[in-house]
Amino acid sequence: MKDFIRIASGQGFWGDLIDAPYNQVTQGPIDYLVMDFLAEVTMSILQKQKRKNPALGYAKDLIAQFERILPHIAGKGIKVITNGGGVNPIACKDAILATARKMGITGITVGVVLGDDILDSLDDLTSRGAALANMENGAELSGVRNRLQSANVYFGAAPIVEALRQGADIVITGRTTDTGLTLAPMIYEFGWSFDDWDKMAAGTVAGHILECGAQSSGGNFLGDWRSVPDLAHVGFPIAEAYPNGEFVITKHEGTGGLVSVATVSEQLLYEIGDPKTYITPDCIADFTSIQLEQLSENRVRVFGIKGRPETDSFKVSMSYLDGYSAIGTLTYAWPDAYEKARAADGILRTRLSDLKLEFDEIRTEYVGLNSCHGPLAPIPTDINEVVLRIGVRSQTFDAVERFGRELAPLILTGPPSVTGFAAGRPKPSEVVAYWPALLAKTFVTPRIEVEGV
Amino acid sequence: MASKQIMLIDIAHARSGDKGDAANVGVIARDKRHYPILLRELGAERVKKHFEGICLGKVERFELPNLGAINFLLHNTLGGGGTVSLKNDAQGKTISSAILRMMITVDDAELA
């Protein structure tokens, strides 16, 4: 067994710094590169791409990134784990293998985790007794059944561990939890038992710290952002994991950013609910047990983590179409910028009302004044300029489309000193809403396929 | 003993994000010795009042003494949630700095 392994975060979301994976494999030693690509809405976008072209439906950025890192990971024995397979992990695997062949790289085995995509088996599942009611408001699935765009089970670390045991150097999954990507190599390397709940929780907490990329190594740090050096060259976080469940969060030597108790604490609190009950498919982690210690510059020891047994359900992430929306902006300049922007908003609302268009919501915000902090933001008396930002949402495409046509005319038919319409009319876009549900673990079984070059 | 009003940002930092239509915001004492001040001043009702007009649901409060932190869940806050919301801050990213505007009461001795 290795004394420790270094697991490096290479991506915090789909659209993160493109060079981060390359930097992680070339700027210092690592054993694993983990990349999280999937936000809740990403799956519906990928399903749409797959419907248009059956060879798509995965994070295409991955292929360009693999082209850069393949020569390095092959030489250094670095393994890569990512959920960028989206709704088509097989096509993603094929594209990676094709890239390797094109580059003349051999000795690489790619494993895929399948079975999370339940969109085509929903009728079968419901006929066997799966309710899949909305876990936030209890609504029945039948209300949105014919508008569903995607339906995926969140798998945990276990299928990734199985792929690694079958010899995979690269593991491509669909809807796997962000935390499972990081926990899996620890289980595989250290031979942890799946019911060693403290260890499962430790790896899960490490995954939570890595899953948002540089957000734990100095990015988006509210504590004291001025104190973070060289964010231009920010180093993404690395977990140096030990067999006893302890780990050290760090980053490569010579990179920018900051790893401190404060930066790690902020990330630990990101998007959590009850900290005693952080539920994943692998375990329940207790975030009130986490101890942090600054060992030296950019090295934070994380220890003491306690866990409890997994639940008997998988979380299911579904998305459905819920009408259309559009957002447009106009900029008003001094004098009386705020008063003019409010007057323009009133004129636009009167015109929309005269047209008898039906909207689920019309929202007006004044960027520069209160779009972030709302009523908590004091309004200055004499502002230089303000951006009027109006959004509408409707079940009717035509209503949203007409809103887009009514905004620009305000320039010639409303209050003066207005600009900022170079981008043209706001176009209606589909609203894809999120439907979280629970599914008994007995209903679905992950499958593994491996293939090498 | 002399007491005074300070802004929460003087003794705490924070991070926020979205959980459906709820926002979460974790508030962390800059110095762990000041954690008792957070525990005393940041009751769920107080936070709910602070976010009047923004948080339209209930506020849940969870203590993390190990991090010198309190986590709040602000329900019905993001205009329908990340993908549906028309808000500029649909993901609640700036709720973190919004909570730090809160004025709190401290004794001089507590800050010594």
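K.L.:
Got a sec to walk through the overall build of chain A? Specific residues and values, please.
P.N.:
Looking only at helices and strands, one finds twelve helices and 19 strands in chain A. By the compact-globule yardstick of 22 Å for 453 residues, chain A fits well, its C-alpha radius of gyration being 24 Å. With respect to the three principal axes, the spread of C-alpha positions in chain A is 75 × 55 × 50 Å. For chain A, the residues scored as buried account for 55% of the 453 residues in total. For chain A, contacts bridging at least 24 residues in sequence account for 77% of all contacts bridging at least 6. On chain A, roughly 18500 Å² of surface is accessible, and the fraction owed to carbon and sulfur atoms is 51%. Of the side chains in chain A, 41 bear a positive and 55 a negative charge, and the two mean positions are spaced by 4 Å.

K.L.:
Tell me what's going on with the overall build of chain B, and back it up with residues and numbers.
P.N.:
For chain B, the helix and strand inventory stands at four helices and six strands. The helix and strand sequence of chain B, counted from the amino end, reads β-β-β-α-α-β-β-α-β-α. Since a compact globule built from 112 residues should have a radius of gyration of about 13 Å, the 14 Å found for chain B is in line with a globular shape. With respect to the three principal axes, the spread of C-alpha positions in chain B is 50 × 25 × 20 Å. For chain B, the residues scored as buried account for 56% of the 112 residues in total. Long-range contacts, defined here as pairs at least 24 residues apart, represent 61% of the contacts in chain B between residues at least 6 apart. Between the mean site of the 15 positive side-chain charges and the mean site of the 13 negative ones, chain B shows a separation of 4 Å.

K.L.:
Residue-level account of the environment of B:Leu67, with values.
P.N.:
Structurally, B:Leu67 can be placed in the loop between strand E4 (59–64) and strand E5 (69–74). Overall, B:Leu67 belongs to the buried group, its relative accessible area being 5%. In this structure the C-alpha to C-alpha distance between B:Leu67 and B:Ala29, which are 38 residues apart in sequence, comes to 8.3 Å. Look past the residues within four positions of B:Leu67 in its chain and what remains in contact with it is A:Ser265, A:Leu268, A:Ile290, A:Leu292, B:Ile28 and B:Lys32.

K.L.:
Provide a residue-level description of helix H10 (residues 337–354) of chain A, including the pertinent values.
P.N.:
Residues and elements named next belong to chain A. The end-to-end C-alpha distance of H10, which contains 18 residues, comes to 26 Å, matching closely the 26 Å that a straight helix rising 1.5 Å per residue would cover. Those residues of H10 hidden inside the fold are in contact with strand E14 (313–333), strand E15 (361–367), strand E16 (385–394), helix H11 (397–407) and helix H12 (410–413). The first or second residue beyond H10 is Lys356, which carries a positive phi of 55 degrees.

K.L.:
Give a description of the interface of chain B and chain A that names residues and reports values.
P.N.:
Taken together, the contact between chain B and chain A spans 38 residues of the former and 47 residues of the latter. The contact between chain B and chain A buries some 3500 Å² in all, and 59% of this surface belongs to carbon and sulfur atoms. Interface area lost by chain B to chain A is led by B:Arg15, B:Leu86 and B:Asn88, which between them contribute 25%. For the interface between chain B and chain A, the tally reads one salt bridge. B:Arg15 is paired through a salt bridge with A:Glu266; the nearest N and O atoms lie 3.1 Å apart. On the surface where chain B and chain A come into contact, there are 26 residue pairs in polar contact (both at pLDDT 80 or more). Per-element accounting of the side of chain B that touches chain A gives the leading share, seven residues, to strand E2 (residues 12–19) of chain B.

K.L.:
Tell me about the sheet that holds strand E10 (residues 284–286) of chain A, and please be specific about residues and values.
P.N.:
All names here are of chain A. One open sheet accounts for three strands, arranged E9-E10-E13; its pairing is antiparallel. The open sheet has two edge strands with one neighbour each: strand E9 (278–279) and strand E13 (306–308). Sheet analysis places E9 next to E10, joined by two bridges and oriented antiparallel. Bridge pairing in E10 links Tyr278 to Ala285. Across the sheet, helix H8 (residues 197–210) lies against E9, E10 and E13, angled at about 110 degrees from E13, the strand it touches most.

K.L.:
Kindly report on the domain arrangement of chain A, identifying the contributing residues and their values.
P.N.:
Under the domain assignment used here, chain A contains domain 1 (5–116 + 154–311) and domain 2 (322–433). The gap between the C-alpha centroids of domain 1 of chain A and domain 2 of chain A is 40 Å.

K.L.:
Could you give an account of the pairing of strand E3 (residues 22–29) of chain B, naming the residues involved and the relevant values?
P.N.:
All names here are of chain B. Counting buried residues along E3, eight of its eight residues qualify, which places the element largely inside the surrounding structure. The side-chain alternation of E3 yields two buried faces, one formed by Ala22, Asn24, Gly26 and Ile28 and the other by Ala23, Val25, Val27 and Ala29. The pairing of E2 with E3 spans eight bridges and is classified as antiparallel. Note that in E3 the partner of Asp18 across the bridge is Ala23. Between E2 and E3, which pair antiparallel and follow one another directly, the connecting turn spans two residues, one of which, Gly20, has a positive phi of 65 degrees. By the bridge criterion, six bridges tie E3 to E5 in an arrangement that is antiparallel. Bridge pairing links Val27 to Ile70 in E5.

About the cut-offs
Residues numbered from 1 in each chain as written. Chains lettered and ligands numbered in written order. Predicted model: local features only at pLDDT ≥ 70, side-chain atom pairs only at ≥ 80, totals over all residues. Heavy atoms only, no water. Helix = DSSP H or I, 4+ residues; strand = E, 2+ residues; numbered from the N terminus. Rg over C-alpha atoms; globule rule 2.2 N^0.38 Å. Buried < 20%, exposed > 50% of the residue type's maximum accessible area, 1.4 Å probe, protein only. Contact = heavy atoms within 4.5 Å. Areas by Shrake-Rupley, 256 points an atom, 1.4 Å probe, with all protein chains shown as cover. Lys, Arg positive; Asp, Glu negative; His and termini not counted. Charge placed at Lys NZ, Arg CZ, Asp CG, Glu CD. Expected span 1.5 Å × (residues − 1). Buried area = accessible area lost by both parts, 1.4 Å probe. Salt bridge = Lys/Arg side-chain N within 4 Å of Asp/Glu carboxyl O. Polar contact = N/O pair within 3.5 Å; in protein donor to acceptor, adjacent residues only side chain to side chain. Pairing = 2+ DSSP bridges. Axes fitted to C-alpha atoms, helices over the stretch in contact; angles between N-to-C directions. Domains from an automatic or database assignment.

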